[in-house]
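Listed below are the residues making up each chain.
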Amino acid sequence: MAKGWLNLDSVLITNYCCHMLLLGIDLGTSSVKVSVVDAQSQQTLCSVSYPETEAAISAPQAGWAEQSPDDWWDHVQQAILKAHAKGAYDPAAIGAIGIAYQMHGLVVVDKDGLVLRPSIIWCDSRAVPFGDRAFEALGESSCLQRLLNSPGNFTAAKLAWVKEHEPSIYARIHQVMLPGDFIAYRLTGEITTTPSALSEGIFWDFQENGLSRELLAYFGFDESIIPPIQAVFSNHGSLRRDIAHALGLRAGIPVSYKAGDQPNNALSLNVLEPGEVAATAGTSGVIYGVSGEAKADPQSRVNSFAHVNHSDQHTRIGVLLCINGTGILNSWTRKQLAGNEDYDLLNHKAAAIEPGSEGVRVIPFGNGAERMLNNRIPGAHFLNLDLNRHGQGHLLRAIQEGIAFSFRYGLDIMRANGMQPSVIRAGKNNLFLSEVFRQVFVDVTGVPVELYQNDGSAGAALGAGIGAGVYAHPKEAFTKLVSLATIHPSPDISYEPYYQEWRSLLEKFL
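Residues numbered from 1 in each chain as written. Predicted model: local features only at pLDDT ≥ 70, side-chain atom pairs only at ≥ 80, totals over all residues. Heavy atoms only, no water.

*Asks:* Would you explain the nonpolar core in this entry?
*Replies:* Here is a general trend for soluble globular proteins: nonpolar side chains tend to be buried in one another's company. With 52 residues, the main nonpolar core has Leu159, Ile173, Phe203, Phe221 and Ile225 as its most contacted residues. Of all the secondary structure elements, the ones that give two or more residues to this core are helix 3 (128-138), helix 4 (140-147), helix 5 (155-165), helix 6 (167-170), helix 9 (213-219), strand 13 (285-291), strand 14 (303-306) and strand 15 (317-323). Among the elements that make up this core, the one with the highest residue count is helix 5 (six residues). With residues up to four places along the chain from it excluded, the contact list for isoleucine 225 reads Leu159, Tyr170, Ile173, His174, Gln175 and Val176. Within the second largest apolar cluster, 51 residues are counted, among which are Phe365, Ala398, Leu451 and Tyr495. (Core = buried A, V, L, I, M, F, W, Y, C linked by side-chain atoms within 4.5 Å. Buried < 20%, exposed > 50% of the residue type's maximum accessible area, 1.4 Å probe, protein only. Helix = DSSP H or I, 4+ residues; strand = E, 2+ residues; numbered from the N terminus. Contact = heavy atoms within 4.5 Å.)

In structure tokens, the structure reads:
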């Protein structure tokens, strides 16, 4: 079972809690973002991203998606140094580090800590057959009751793919990590993991509150390759002296928080208790709600993982709807069809078109297997184009409408599983910067959206403060969080006919 919360020396807390700065690292697919937050005011002093252009995803074969963990580590270091260079704070005042990371990725290292192969990341589809066979062999009922999911296309299934197709690499594996575990290891020299990380990898048995030995036995994994398990908010190691020197930080400060990007986004929006719901619309699209019950979707179309504050005493399950093909389509369109124009200009062009895009419909699923579609890959499609009538603005609006429609499709699955949000919290970033997208999202789902100036790396920084004992309770870290605006459904338009037409078109590709 996981070890508990970090207990720092009381003198350190007394000396630093009022003036301590917190460093948050958000390891994304496109870039690494770093923020430094003042623990007392909860205000962000500096935020930077690295690299300046979007990091590449390698696709050696169709449906594959890989990135280099060593590149991640280089980007993390460069981002921290870039933040220091802004001169907005004293790096010596940083007292704890938190890490958020792209979920479900597989990192494997040998006994010397060297990476054995590129990471198989979240949107890679190759492991679907391995997860499907495990689901059948272990029993659907047992998987849904114990794992809360089908092994599907998650980290355990990806490791099974390596075991079968790359046996020489598998034989050299000393430890298996999620992406955030790897970054913490490079900072501290220590390898740990958490129940939340293991649950997102589908290694965690919720009935036993520990590793799923049934799953390990089925795949033939030795338990020794799983790192020591600690609570999300705990000491995952202290910053190595050589790394501290290279990064201009104090040696020995703790990495006191690690969480996947979506649980972390929920944390950053103060979504911690049953019934609270968050959304993001970046490269992928997510609705993430907290439940007080450990239960699963019968078809594993939405997934249930241990939330950051889940414990034996308090069941807190993050119910995750993830749509691979959302913001990545917006980004692709910007590059391929709009000459890399500024997103604000693209949003302005989309806003000039009437709701419904004069009949143009877009199916946005072009980024791997979609779990909410039972791991099918329908691809991205532009439909009903009239070359004499439709222009760039129609495409841009139809893309944002199609993405919002995909959220509605997934939210209906969550509703069928008992998640009934009365409001959804979202950061004012990515697609939620678009007035068109925000309003279509609210109109088609029928749920108001509260907008906040949140950020994943800032959330990770505050998570570090929770883990370091700066805050007595997670909720205390968000006392300064203030809503920027609330978007309500418009009484003047119904998107229901457009949505139903879109859904009927989607079903032709399934």
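*Asks:* Explain the sheet that holds strand 1 (residues 21-27) to me, please; I cannot follow it from the model alone.
*Replies:* Note: strands within a sheet are paired through backbone hydrogen bonds, in either parallel or antiparallel orientation. Ordered in space as 3-2-1-5-11, the five strands form an open sheet in which the pairing is mixed. At either margin of the open sheet sits one strand with a lone partner, and together these are strand 3 (44-50) and strand 11 (255-260). Going across the sheet, the axis of each strand differs from the next one's by a mean of 15 degrees, ignoring polarity. Bridge count between strand 1 and strand 5 (residues 94-101): seven bridges; the pairing is parallel. When the bridges of strand 5 are listed, leucine 21 appears paired with isoleucine 94. Where helix 11 (residues 261-268) meets the sheet, it contacts strand 1, strand 5 and strand 11, and its direction lies at approximately 110 degrees from that of strand 11. Seen against the sheet, helix 16 (residues 456-467) touches strand 1, strand 2 (32-38), strand 3, strand 5 and strand 11 and runs at an angle of roughly 130 degrees to strand 1. (Pairing = 2+ DSSP bridges. Axes fitted to C-alpha atoms, helices over the stretch in contact; angles between N-to-C directions.)

*Asks:* Looking at this structure, I do not really get the packing of helix 14 (residues 392-416) against helix 17 (residues 496-507). What am I missing?
*Replies:* The geometry of a pair of packed helices is captured by two quantities: the angle between their axes and the separation between those axes. Two numbers describe how helix 14 lies on helix 17: the axes approach to 10 Å, and their chain directions differ by 80 degrees. Here helix 14 lies roughly perpendicular to helix 17, going by the angle between them. Mapping the contact onto sequence places Gly402, Phe405, Ser406, Arg408, Tyr409 and Asp412 in helix 14 and Glu496, Tyr498, Tyr499, Gln500, Trp502, Arg503 and Leu506 in helix 17. Tallied by class, residues from the contact of helix 14 with helix 17 come to six nonpolar, three polar and four charged. (Parallel < 35°, antiparallel > 145°, perpendicular 65-115°, else oblique. Nonpolar A, V, L, I, M, F, W, Y, C, P; charged D, E, K, R; others polar.)

*Asks:* Honestly, the environment of asparagine 235 in this entry has me stumped. Any pointers?
*Replies:* Relative to the assigned elements, asparagine 235 resides in the loop between helix 9 and helix 10 (241-247). On the basis of relative accessible area, asparagine 235 is assigned to the partly exposed category, the value being 29%. Once the C-alpha coordinates of asparagine 235 and glycine 379 are considered, the two residues, 144 residues apart in sequence, prove to be 43 Å apart. Among the polar contacts listed, one links the side chain of asparagine 235 to the backbone nitrogen of glycine 237, at a separation of 2.8 Å. (Polar contact = N/O pair within 3.5 Å; in protein donor to acceptor, adjacent residues only side chain to side chain.)

*Asks:* I would appreciate a short explanation of the pairing of strand 19 (residues 449-452) in the present structure.
*Replies:* Neither face of strand 19 is open: one carries Val449 and Leu451, the other Glu450 and Tyr452, and all of them are buried. The pairing of strand 18 (residues 424-427) with strand 19 spans four bridges and is classified as parallel. Across the sheet, residue glycine 427 finds its bridge partner in strand 19, namely tyrosine 452. Each parallel crossover has a hand, and for strand 18 linked through helix 15 (residues 435-445) to strand 19 it is right-handed. Bridge count for strand 19 against strand 20 (residues 485-487) is three bridges, and the pairing is antiparallel. The residue of strand 20 that forms the bridge with glutamate 450 is threonine 486. (Right-handed = clockwise from strand over helix to strand, strands pointing away.)

*Asks:* What am I meant to see in the pairing of strand 2 here?
*Replies:* Put simply, side chains in a regular strand alternate between the two faces of the sheet. The buried fraction of strand 2 amounts to six of the seven residues, a majority that puts the element mostly inside the structure. Where strand 1 and strand 2 come together, seven bridges link them in antiparallel fashion. Across the sheet, residue leucine 21 finds its bridge partner in strand 2, namely aspartate 38. Where strand 1 folds back on strand 2, the antiparallel hairpin that results is connected by four residues. As judged from the six bridges shared by strand 2 and strand 3, these two strands associate in the antiparallel manner.

*Asks:* Could you clarify how one ought to interpret helix 11 in this entry?
*Replies:* An α-helical turn contains 3.6 residues, so a residue and the one three or four places further along point in the same direction. Burial of helix 11 is extensive: seven of the eight residues sit out of reach of the surface. Inspection of helix 11 places Gln262, Pro263, Asn264, Asn265, Ala266, Leu267 and Ser268 among the buried residues, and these make up the whole buried set. Just downstream of helix 11, asparagine 270 is the residue with a positive phi angle, here 60 degrees.

*Asks:* What am I meant to see in the pattern of salt bridges here?
*Replies:* Where charged atoms of side chains with opposite charge meet at close range, the side chains can pair. If you walk through the whole model with that rule in mind, you get 28 salt bridges. Note that lysine 33 and aspartate 455 form a salt bridge whose closest N and O atoms lie 2.5 Å from each other. Note that lysine 33 is positioned in strand 2 and aspartate 455 in the loop between strand 19 and helix 16, a separation of 422 residues in sequence. Residue classification places lysine 33 among the partly exposed residues on the basis of a relative accessible area of 26%. Across the pair arginine 146 and aspartate 205 runs a salt bridge whose closest N-O atoms are separated by 2.8 Å. Highlighted residues: arginine 146 in helix 4 and aspartate 205 in strand 9 (residues 204-205), separated in sequence by 59 residues. Salt bridges sharing common partners tie together Glu66, Arg117, Asp124, Arg126 and Glu166. (Salt bridge = Lys/Arg side-chain N within 4 Å of Asp/Glu carboxyl O.)

*Asks:* In this structure, what is going on with unusual backbone geometry? I would like to understand it.
*Replies:* In terms of backbone geometry, most residues other than glycine have negative phi values and most peptide bonds are trans. A cis amide bond, omega 0 degrees, links tyrosine 50 with the succeeding residue proline 51. Positionally, proline 51 belongs in the loop between strand 3 and strand 4 (66-67). In this structure, histidine 104 takes a positive phi of about 70 degrees despite not being glycine. Structurally, the position occupied by histidine 104 is in the loop between strand 5 and strand 6 (107-109). Of note in the backbone geometry, asparagine 209 takes a positive phi value of approximately 55 degrees without being a glycine. Tracing the backbone shows asparagine 209 in the loop between strand 9 and strand 10 (210-211). A residue is classified by how much of its surface remains accessible, and asparagine 209, at 26% relative accessible area, is partly exposed.

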